[in-house]
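# Chain and residue survey
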Amino acid sequence: MSSAIPLNVGIASTAGSGSADADGGQRVLLAEPRGYCAGVDRAVETVEKALEKHGAPIYVRKEIVHNRHVVETLREQGVIFVDETDEVPEGALVVFSAHGVSPAVHEAAAARNLRTIDATCPLVTKVHQEAKRFARDDYDILLIGHEGHEEVEGTAGEAPEHVQLVDGPDAVDRVTVRDESKVIWLSQTTLSVDETMETVQRLRQRFPALQDPPSDDICYATQNRQVAVKAMAPECDLVIVVGSRNSSNSVRLVEVALGAGAKASYLVDYAREVDPAWLAGVRTVGITSGASVPDILVRGVLDMLAEHGFGEVQPVTTANETLVFALPRELRTSRR
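Fair warning: this is a prediction, and the values are worked out from it, not measured in the lab. (Residues numbered from 1 in each chain as written. Predicted model: local features only at pLDDT ≥ 70, side-chain atom pairs only at ≥ 80, totals over all residues. Heavy atoms only, no water.)

On the basis of which strands lie adjacent, the open sheet formed by four strands has the order 3-2-4-5 and parallel pairing. The two strands at the open ends of the sheet, each matched to only one other strand, are strand 3 (79-82) and strand 5 (115-118). Each strand of the sheet is rotated relative to its neighbour by a mean of 30°, with strand direction disregarded. Two elements, strand 4 (residues 93-96) and strand 5, share four bridges in a ladder whose sense is parallel. Paired with Leu93 across the strands is Arg115, a residue of strand 5. (Pairing = 2+ DSSP bridges. Helix = DSSP H or I, 4+ residues; strand = E, 2+ residues; numbered from the N terminus. Axes fitted to C-alpha atoms, helices over the stretch in contact; angles between N-to-C directions.)

Right, here's the structure in full:
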């Protein structure tokens, strides 16, 4: 999994926040951990192994992960991305994305005789199981998350008659429950930890008996990336987050950087999207990436910054991640 203890924050003492080394040079603070989490690694490998085993084309419902580069690369290899299962030819192979799907999607696939491989992140599956468990016990389930996000739709679909979406602190006043003694909150796995806890606090003010989930729903990788950004942001004139705009955890990293003291922060998919004007007067740039971002994209940004004088790269390490998830059973190598 990961270490909860900061290992090597690695930020040299400076004369003041946002300043660089004593010689006035420019530097990059590189957040670790960053990039691929175990669930994303498993999902991408699932599609790659399915291509090897079955050949192109294979179908993927929605984006396998929320990253433009990953999706475009897989499309070039013969993957066809669809919005719904009714776009998949009867009897064909379809992979469900890392964000999870509702039981209704599984039923629709079965009705079309589709072969399926489920690449749902196991941590998302855990939240699905929690929703089913508390629905069986007739709880009102307050699901903290962003309306329209695929993960939220999948989780809510497990128990639609029991789940209410709470999209941030401002939505708390609109919540109604049947029995204030039987209320629990769950959350989308890729949220901002701070904003989620603010929402929980406001919910608890309204419903003092509100129960917490049996274990933390916000995934370890989301939390680790936010912690690393918080460690380096006070030193940064600029934080560049590599990630796609439909990636919830990447968008949250920009917000976390600004909230933790970075003077500016931007989200980019590729190095070519970095505006050199952002670097004017900047001494310290922080770099991180969302949990669905391959490290080749980060290296591209580092190369671009080196061309503009930011050659010194200093790691900011706040955790070590070692968690690995097994592939779906359909793709596991059989033991002899």
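If you walk through the whole model with that rule in mind, you get two aromatic pairs. Ring centres of Phe134 and Tyr139 lie 5.3 Å apart, and the angle between their planes is 80°; this geometry places the pair in the edge-to-face category. Under the relative-accessibility criterion, Tyr139 is labelled buried at 13%. Ring geometry for Tyr266 and Trp278: centres 3.9 Å apart, planes at 5°, overall stacked. Note that Tyr266 is positioned in strand 10 (residues 265-268) and Trp278 in the loop between strand 10 and strand 11 (284-289), a separation of twelve residues in sequence. Arg272 extends its terminal NZ or CZ atom over the ring of Tyr270, reaching a point 4.2 Å from the ring centre. (Phe/Tyr/Trp six-rings, centres within 6.5 Å; stacked < 30°, edge-to-face > 60°. Buried < 20%, exposed > 50% of the residue type's maximum accessible area, 1.4 Å probe, protein only. Lys NZ or Arg CZ within 6 Å of the ring centre and 35° of its normal.)

Our next topic: unusual backbone geometry. Omega for the bond connecting Glu32 with Pro33 falls within 30 degrees of zero, at 10°, which places this linkage in the cis form. Among the secondary structure elements, Pro33 is positioned in the loop between strand 1 (27-32) and helix 1 (38-54). The linkage connecting Ala56 with the following residue, Pro57, adopts the cis geometry, with an omega of -5°. As for its position among the elements, Pro57 is in the loop between helix 1 and strand 2 (58-61). If you check the backbone angles, Asn113 has positive phi at about 60° while not being a glycine. Position of Asn113 among the secondary structure elements: in the loop between helix 3 (103-111) and strand 5.

With respect to the secondary-structure elements, Asn249 resides in helix 8 (residues 248-259). Among residues more than four places away in sequence, those in contact with Asn249 are Thr190, Thr222, Gly290 and Ala291. (Contact = heavy atoms within 4.5 Å.)

Our focus in this paragraph is the sheet that holds strand 9 (residues 238-242). Here five strands make up an open sheet; going across it, the order is 10-9-11-1-12 and the pairing parallel. Unpaired on one side and paired on the other, strand 10 and strand 12 (312-317) mark the two borders of the sheet. Pairs of neighbouring strands in the sheet enclose a mean axial angle of 25°, with direction left out of account. Sheet analysis places strand 1 next to strand 11, joined by four bridges and oriented parallel. When the sheet's bridge partners are listed, Arg27 is paired in strand 11 with Thr284. Its contacts with the sheet place helix 7 (residues 220-232) against strand 1, strand 9, strand 11 and strand 12, and it is angled at close to 180° to strand 11. Helix 9 (residues 295-307) rests against strand 1, strand 9, strand 11 and strand 12 of the sheet, and its axis sits at about 165° to strand 11.

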